[in-house]
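# Secondary and tertiary structure notes
Residues per chain, in single letters:
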Amino acid sequence: GGQAIAYTHASTTSSVIGKRLRRGRGLSFAAVDRQETVVVKSVEDEQAANLNFFSDKRSMGWPFVCTPMSRGKATVRGVLGIDSFESVGSGRDDEDVPEEGVVEVLQQASAMLGTMMDQKVKHESLRKLDEATNDPALTVEDVYSLGLQAL
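One structure accompanies this document, and this report is about it. (Residues numbered from 1 in each chain as written. Predicted model: local features only at pLDDT ≥ 70, side-chain atom pairs only at ≥ 80, totals over all residues. Heavy atoms only, no water.)

Counted at 1.5 Å a residue, the expected span for helix H2 (residues 102-132) with its 31 residues is 45 Å, and the 45 Å between its end C-alpha atoms agrees. Among all positions in H2, only Val103, Leu106, Ser110, Gly114, Asp118, Ser125, Leu129 and Ala132 are buried. (Helix = DSSP H or I, 4+ residues; strand = E, 2+ residues; numbered from the N terminus. Expected span 1.5 Å × (residues − 1). Buried < 20%, exposed > 50% of the residue type's maximum accessible area, 1.4 Å probe, protein only.)

Encoded structure:
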């Protein structure tokens, strides 16, 4: 896997855009490495100590949900992290947030995004391979290398 996660998309109120998280920090890599969704319900949760905060810890919304964007078990293309459910309507005070079924929907959405991203990367690699095969100076090793990159 990669050595850093680059945060490229976020809500307009987020402070993570343009930030990078190195391997070994935060919970995002735990989700990637274990291929599991991580849910931290509150600051009192044991896993909260492992979160990496890019802004004031007190401004953090809860719960924090992070799920890998993957195509199957072998290819992870990113992570989907939700760090606040505060603007989402909630039910009764004694009901959990996120409510039942939300994490499963996020997992399904994340899997679809991971599949789409993987297909885009492979399509681009195959396009480069196709263009390269028009080069008469290309060696068999070059074609083989480009083919492996496409996979």
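Tallying each qualifying case throughout the model produces 6 salt bridges. Arginine 23 is the salt-bridge partner of aspartate 33, the closest N and O atoms lying 2.7 Å from each other. Residue aspartate 33 is located in helix H1 (residues 28-34), and its partner arginine 23 is located in the loop between strand S2 (20-22) and H1; the two are separated by 10 residues in the primary sequence. We classify aspartate 33 as partly exposed; its relative accessible area is 48%. Two residues, glutamate 124 and arginine 127, come together in a salt bridge whose shortest N-O distance is 2.3 Å. Here the residue glutamate 124 and the residue arginine 127 both occupy positions in helix H2, the gap between them amounting to 3 residues, near one helical turn. Relative accessible area serves as the criterion here: at 33%, arginine 127 is assigned to the partly exposed category. Linked by salt bridges that have partners in common, Arg71, Arg77, Asp118 and Lys122 make up one network. (Salt bridge = Lys/Arg side-chain N within 4 Å of Asp/Glu carboxyl O.)

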